[in-house]
Structure formats: C-alpha cells, structure tokens
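Structural overview
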Amino acid sequence: MSGPGTTADQPANFAFSAENVERARAIIAKYPDGRQASAVMPLLDLAQRQEGWVSRAAMDHVAEMLGMAPIRVYEVATFYTMFQLKPVGKHHVQVCTNLPCWLRGSDGVAMACRDELGIGFGETTPDGMFTLSEVECLGACVNAPMVQIGDDYYEDLDPDSTKRLLKALRNGEKPKAGSQTGRQGSAPAGGPTTLVDVPAKQGE
Amino acid sequence: MPKLTIDGIEVEVPAGVTILQACETLGIEIPRFCYHERLQIAGNCRMCLVEVEKSPKPVASCAMPVADGMVVHTGSPMVEKARKGVMEFLLINHPLDCPICDQGGECDLQDQAIGYGFDRGRFSENKRAVKDKNFGPLIKTYMTRCIHCTRCIRFITEVAGVPELGATGRGENMEVGTYVEKALSSELSGNIIDLCPVGALTSKPFAFTARPWELRKTESIDVLDALGSNIRVDARGAAVMRVLPRINDDVNEEWLSDKSRFAYDGLQRQRLDTPYVRRDGRLQPASWQDAFAAIAARLNGVDGKRIAAIAGDLADCESMVALKDLTAALGSPNIDCRQDGAKLDASVRASYLFNTTVAGIEEADALLLIGTDPRREAAVLNARIRKRWLNGRFPIASVGPKVDLTYRYEWLGDEPRLLTDIAEAKHPFAEVLKGAQKPMLILGMGALARPDGAAVLAAARRLAETCGMVKDGWNGFNVLHLAAARVGGLDLGLVPGKGGRDVAGILAGAEKGDIEVVYLLGADEIDMDRLGKAFVIYQGHHGDAGAHRADVVLPGAAYTEKNATYVNTEGRAQETRLAVFPPGEAREDWKVLRALSEALGHRLPYDSLREVRERMLAVSRVFAHRDAVAAAEWGAFGTDGALDNAPFVSPIENFYMTDPISRASKTMAECTALFVAGNQRKTGTHG
C-alpha cells in the first residue's frame, strides 16, 4: 500500500451484506451492458456506507464485481477525497477552511472542534466517536462557516453553536441540519429584504 | 481531406489526423512527452502546445484533430512562451540530478530543456519527493523524477495487456505505481524503460554501468525466440552492456520481450573460451590443434552411418550449412536440426512457416491457436495478436494449454481430437472460421513435438484447407517456432538423408552403440544421458548440458559475436552483426567447422563469409533476399494417422530460461525465482 491517507491495517476480506448486494445489483443494472465499470463510484460509496471506510479488500471486491482491473479501482478511490481509505469515527466532522468560511470565522469553528473533541485535524477520538478533518470548499459559502458531519451540512456556525452541536452528537441526539441561526435556507439572516411589499396591481 | 496552413505552408492531410501528425508530415518537430504514436493519446504533458489562429489559447497539438482552414504556428512567440512555461512547471518538481541519472544523455526532458528551459528556476519552495516503487528485478524506479506522462501506464494496459500500473492520488499527491507492492508480471515490461521520457524508469541490470555516449551501437537480430526481433546491441570494450529494440513494423514494431532485452548478462557467464578435450574422464583445456587431432583420431575409420550430427536452437545458417556439408562429406545421413523432435516437414516450406506473417495478423479476422501459448513462446507476437483483438471482431479460440494470454479467447479444450472435429465441421468453432474472410491458425511446438506430431500436422493442414484458410492472396496456416535456428535449418535441409536417423533415432542409436560419434552444434536440449558411450563433440558458446557431456568441446560465438544469418518463424532471413569479439579462443562457428573439415581431410570449399553465403544460396533461394518474406507454395504435408489422446501442453515452462544464454543469466534467474517459482511476496518490503 502506498499513498497518503491509507493504513497498513487492512482487513483480509470484504463482502457486501445481503441487503447491499441487492442495492449493488440495482446500481449495476442502471448502466448498459459492457459499461458496468461506470458503477465503480456508487459501489465504493456503498462499501463505505457499510464499513465506514473503503479497505483494500473492498476495492478488490468491487473490481471483481465489475470485471475491472483492481488498479483502476484504486485510481478512482484514491483520487476522490470523499472515499476514506482508513477507518473514521462514527461522526466524521469535516470543517471547511476555504476563503469564504475563513472570512466568516472558520478558524473559530475549527478551534471549537479541537477544544471540544480534544483532537487535531486528521485524528480520531479514542472512543472512535469523532474524526476531525479539514476540507476544501463544500459549496455552502452562502451560509459560511460550515461543517459537514456524515451526510449533513451544519451552517452559520460560531464557536458556541459548534460546541453545542458536537455535544448533542456525543449525547446521541440528532441535531437539526442546515443553518444553526434559524434562518430559512439561504434567505437573508434578518428576514426577507426584498419583495416584502405587496406588489401594486397593474393599472393602479 | 482537410487543408490547413502550418507555418505558412499549405498542407492537405487525411481527416482525423492530429495537428502534431500533420506537422510531422512537413518535417516540423513538435516537442512532446506524453504523446507516443503507438499508444493512445493522453494530452497531459502540454509540451506540444501550438498556436492556432482564432483560438484564444495555445492548443495541445497531439490531441487536436486538424480542421479545414486551420492556420497553425509552431514557432511563434506565443508558442515559445507557452512551452517555456510548461517546461518551467515540469522542472519545478523534477530533481536536478542529471549527473547521476541513468537516463542522462538520452533523456527527452534533458534535450527539450535545452530548447525551452531557463538556466535558473523561480521556484524556491521544497520540491516534492515520491517514494520509489519496487517493480521487480528488471525495472529500477526513481519516482521523484516522474513527470506523469502516463506512457508506462498506457503501455502496460494497452499493449502488454496486464493492467497493473496506474496513477493513484491526485494533484501534488499523484503517483504512478501499482498501489499494492508487486513486480510487474508482463513479459514486455522492459519496454516501459524505453518509453519513459525521463529517468523515472530505468534498467535495473544496466544501472550505473555505462553512459549511452560511450557505447558502441550495433544493429542486430535477437535469437532468444523465433520471432527475430530487431535489436541494437550496445557494447563497451568486450562486453555487451545492454540490448534495445530497433523499429521494424513488420516484426517487432518497437517492442522487445524481457528475455531478449535482459538475458545479455548470460553472455558473460559460463562461456566456453578455449577448446577442451576429455582426458582421464575430465575435460581439460587444449589447443585447437589438439582438439582437432583428438576428433580426427576418433573419427578415423568410423563408418559414416555411425556418425550423427544435431544442430541446436541458436545455430546460425552459416554454421548449419557447413555442418551439413561436413556430415555429408563424412558419409553420414544422420543429421537433424529439430532437437525437440518436432515432426516438421522440410519438403514443403509452407508447412513450417508463419505464412500469414506477423504484420498479417492485423488483417486476419478469426484465429485458432493449437497447442501454443504465444504469450510465453513469442511475447512480442502475442502483443500483435492482442493489438488485432483490441480492434474488435476477432474471435479467438484455443486448443491447448489454458493460460492467460492477455486477451479473451474461447478455450475449446486441450485434446487433439478437437482438430478433427473442427475440420469435419462437427464443432461450432468451424462455423466461425468458415464465416471469416481471412481466418488463421497458429500451430505451436506443443502440438508438433510429440510422437503423433506428423498426424497433428496433417490434421491441422486439413483443418486449414476445409476452413478456407488457404486461398489466393491469403495463407492462414502458421507454425510458431521456438528456436531461432529452426526455420533456417529446415530451409538448408538439415533433416535426415536417405536411410538417416532423426534426433530420436540418433539417441536410440547412441544408446545401443550403433552411433559412435555425435556432433552437437549448440544442441543442449536433448537428453544427454541417452547418448550412451558415444564420442560427443560439442561446438557452442556456453557450458551448458552439451558441453558437460562432451568429449571434445569447440568454443563458438554467441549471436552478438558473429555476422550470421537467422531465418525467423515467418521465413524472413535476417543478419546479426558482430558487436563484440568472441571471448578467448572462441571463433565464429562456420570457421570452426571449416577448420575442422581440413583437419579431417574433407576440406569444405569456402574460405570467406561471402563464399559460405553463396553456398547457402545454392542450397536455398531463401537466402537471396534479406529482411523480406516470400510467400511459400502450398502443398501436401504431414502424415495421416491416429491422434493421441494426450493433451497439448506448451513446451515452455519457464519463459525466462529457454536456452543456454538465458539459463546463464543472473537477471533471468531472479525473474524465474520471482515469477515462475511464483513468490511475489518476497519482493519489496519483504526485503
């Protein structure tokens, strides 16, 4: 094994669960005959959802399922940063530190995560609950700063709301995703500023 | 056909051609790293940028098809600036270690940096460093030098058909490698050394031994398989330092198998450099006179019928014709060049040639392999079959060993009776062959070198005839030889004369004592134990099986040490050239035979290479033309008979060691330990 972000501690085998085998079959069926290799990313994602990360054995298994050379799967899995090549905690906290988030205080968010979890970027808490990562722009700049935890985005954060969020997760709660200041979607923070008056009727 | 203007010259080229190719037709050289004419286009090095009018940016000429009315500039200030920019980026992470780099002197990056590089860099940060990979005993890696052209990945995937290399990670973290630690298991892996435009992949056995400019380069022919790949032998002093392929589109394109490329260290080891005579049961060094005298004394008064001669796999045509003439002069009809016992028929030339020709494979539209494993028997030829297969509509089936050939084929079984079934249209694959316009079959030595070989040959001929493989302008009947000497030997008629014995007969005779003297011309693959009490004369270049058994050893020259003729499996006569002199007392083989003939009182009537070649020409017109293939006439051959039930197996168990040279090679021994003994785990991190 080589390359960054991998681990030498690899499981010997991988198999999809019965339920996921069905899902995998459905995914492969979406692609025309002879183009099964197109299913490589959804299948790697499925493997990651099952195991929490993508192991060598999982990549080899996907390669075999799709009739691809294993190296072609390794190439895909190592190219995309969203495939985890080593185990991550139950909650994978990905803090965006790109420019818009940074301007809006992502340094504070990152610091809050470190304080609350007691770990730095790229590390996992000893209880295996949290992994903290620094990521590039996740495309939610309008509600910066933000973090992604699992499949959910948590936006409009400040150090306090970040700590609250992590505490809630630790307690097994499921905090509401989206803006943490309560605004609707990406609407202006203080409520609507345009189109507030009733439009004048035509001819009046 | 689109018309375009390149540097003010109007040119018309076929549609679909790229700008780079159009430039080449005008003789304008475009710098490039990733583009290679025998690989798919990647377009990732950006060195080939040109200016196209009305295009806002410079264009990568290797990947841009020409269009009508294009106006291209290849030397404008914009092009110059763009290429200099690309070069500066490439050099950011490329180490400045040319003085200790094996690629130095033949490095594309070095050459092109002369044209487009600056004498200093503006990049003051740390350079990126990449861990080296372990690709096995043949390829040395220095991955920090890699510029990510991906030529090696494309070659291994497309041409070699062993997809083990890839680019993992991305951006700054991108690395070319196998990801999991393993040696490249392709028989053609050495070619990525030639393809690598920088010093990231270099030859491990050649590492730090010589600089390219101090080598004497000799164009020659490879003899370690029967394909006759065109090679260049690089030598310094008395040693062959490396072997590289030469371009010949009709034979090996520009590839070379690992055995042919790396077995050269075997030329330095186990060499016979002086004559030996067995005295008191031990071989002892002797002078040429003593050796000849010992032979003359033993041959004195022996009836010709009690003398026999066998020509080996690496024998050249000059020495074989001399051997034939000498044997005839001694009155012996017992001569054979088929030391593996293959039931080849020397009377019909089409019966033992690869009639389709190697380049002709690309025209074929169906293929039946019989008792052959082309990947191990002729690796470069196998790449040609794969190339044809990749083009599509090329059904392949095999009656023979079930092995990975790097392309998909239908395995019909390994029983000889399948040949009869197909010939009699009782097998579904007969329909495929009959439906094809240009079907072909390849008959391997695994099918012929067996007791029922003649019957197999007849069955294959019948199959070829009934399935429409032989017709006007097309001959799909092919024999794939393993030995470089075989076709030449058959052309020269080195087969038993009237009442003569073949190899099996000679061995049986020697065992019983009917054959008293056996002359081995480089023949090492026969069962030496069966030579009984016979007096054995071994002429050859390596101390292999034959020399160990011999009573007199006459040292000869290896293929890099003589100007000699070899006929490849297609029937193409080609010449090796002297790159280094034979070691010590060793001499060119035909001269040894000529000198011996004088000592025996049967002086052969030729004193120069020209005269030997005239004699060869008198025996066969094949030698009138070099580097050319003449179509052979079809005829009846083979002997009808019952086919044995024994399955076809390939005679090659170990691709890396098939002849005295590769058996003496340390590099090939390492490959054998790794790939044939099959212990991949012992590489890399395991030490």
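Shown above is the structure to which this text applies.
Note that this is a predicted model, so its numbers are computed, not measured. (Residues numbered from 1 in each chain as written. Chains lettered and ligands numbered in written order. Predicted model: local features only at pLDDT ≥ 70, side-chain atom pairs only at ≥ 80, totals over all residues. Heavy atoms only, no water.)

1. Description of the overall build of chain A
Within chain A one finds 7 helices and 6 strands. In sequence order, the secondary structure elements of chain A are arranged as α-α-α-α-β-α-α-β-β-β-β-α-β. Against the globule reference of 17 Å for 204 residues, chain A gives a C-alpha radius of gyration of 21 Å, more extended than a compact globule. Considering only C-alpha atoms, chain A reaches an extent of 70 × 55 × 30 Å along its principal axes. Split into buried and exposed, the 204 residues of chain A put 41% on the buried side. In chain A, 19 side chains carry a positive charge and 25 a negative one; their mean positions are 2 Å apart. (Helix = DSSP H or I, 4+ residues; strand = E, 2+ residues; numbered from the N terminus. Rg over C-alpha atoms; globule rule 2.2 N^0.38 Å. Buried < 20%, exposed > 50% of the residue type's maximum accessible area, 1.4 Å probe, protein only. Lys, Arg positive; Asp, Glu negative; His and termini not counted. Charge placed at Lys NZ, Arg CZ, Asp CG, Glu CD.)

2. Quick word on the interface of chain B and chain A
Contact residues are listed per partner, giving 18 residues for chain B and 16 residues for chain A. Carbon and sulfur atoms supply 57% of the area buried between chain B and chain A, which totals about 1,300 Å² over both sides. There are 0 salt bridges connecting chain B and chain A. Summed over the shared surface of chain B and chain A, the result is 5 residue pairs in polar contact (both at pLDDT 80 or more). When residues of the side of chain B that touches chain A are traced back to their parent elements, those giving at least two are α4 (151-159), β7 (166-168) and β8 (175-177) of chain B. Ranked by the residues each element gives to the side of chain B that touches chain A, the list is headed by β7 of chain B, at 3 residues. Per-class residue counts for the side of chain B that touches chain A are 6 nonpolar, 7 polar and 5 charged. (Contact = heavy atoms within 4.5 Å. Buried area = accessible area lost by both parts, 1.4 Å probe. Salt bridge = Lys/Arg side-chain N within 4 Å of Asp/Glu carboxyl O. Polar contact = N/O pair within 3.5 Å; in protein donor to acceptor, adjacent residues only side chain to side chain. Nonpolar A, V, L, I, M, F, W, Y, C, P; charged D, E, K, R; others polar.)

3. A look at the nonpolar core
Residues and elements named next belong to chain B. Counting residues in hydrophobic clusters, the biggest one holds 115 residues, and the most contacted among them are Ile19, Phe155, Ile192, Leu381, Ile385 and Ile442. When sequence neighbours within four positions are dropped, the list of residues in contact with Ile385 reads Ile361, Leu367, Pro374, Phe394, Ile396, Tyr407 and Ile442. Listed in part, the 85 residues of the second largest apolar core include Leu299, Ala315, Val592 and Ala632. (Core = buried A, V, L, I, M, F, W, Y, C linked by side-chain atoms within 4.5 Å.)

4. Overview of the sheet that holds strand β4 (residues 147-149) of chain A
Residue and element names in this part refer to chain A. Spatially, β2-β3-β1-β4-β5-β6 is the arrangement adopted by the 6 strands of the open sheet, whose pairing is mixed. At either margin of the open sheet sits one strand with a lone partner, and together these are β2 (123-124) and β6 (178-179). Pairing between strand β1 (residues 91-96) and strand β3 (residues 130-135): 6 bridges, direction parallel. Counted as the bridge partner of Val93 is Leu132 from β3. Across the face of the sheet, helix α6 (residues 106-117) comes into contact with β1, β3 and β4 while running at roughly 155° to β1. Across the sheet, helix α7 (residues 159-170) is in contact with β1, β3, β4 and β5 (152-155); its angle to β4 comes to roughly 5°. (Pairing = 2+ DSSP bridges. Axes fitted to C-alpha atoms, helices over the stretch in contact; angles between N-to-C directions.)

5. A look at the pattern of salt bridges
Residues and elements named next belong to chain B. One pass over the full model with this rule turns up 64 salt bridges over all chains. A salt bridge links Arg375 to Glu187, with the shortest nitrogen-to-oxygen separation between them at 2.7 Å. In this pair, Arg375 is assigned in helix α9 (residues 374-377) and Glu187 in the loop between β8 and α5 (191-195), connecting sequence segments 188 residues apart. Looking at Arg375, the relative accessible area reads 6%, which means it is buried. As a salt-bridge pair, Glu570 and Arg572 come within 3.0 Å of each other at their nearest N and O atoms. No difference in accessibility class separates Glu570 from Arg572, as the two residues are buried.

6. Considering the packing of aromatic side chains
The full count for this structure, using the stated rule, is 12 aromatic pairs over all chains. Seen from their ring centres, Phe14 of chain A and Phe16 of chain A are 5.0 Å apart, and the 80° between their planes marks the pair as edge-to-face. Comparing Phe14 of chain A with Phe16 of chain A shows no difference in burial state: the two are buried. Aromatic pair Phe655 of chain B and Tyr656 of chain B: ring centres 4.9 Å apart, planes at 80°, arrangement edge-to-face. Each member of the pair, Phe655 of chain B together with Tyr656 of chain B, is buried. Site record: aromatic cluster; members linked through ring pairs are Phe79, Tyr80 and Phe83 of chain A. (Phe/Tyr/Trp six-rings, centres within 6.5 Å; stacked < 30°, edge-to-face > 60°.)

Purely spatial values, then, with no claim about function.
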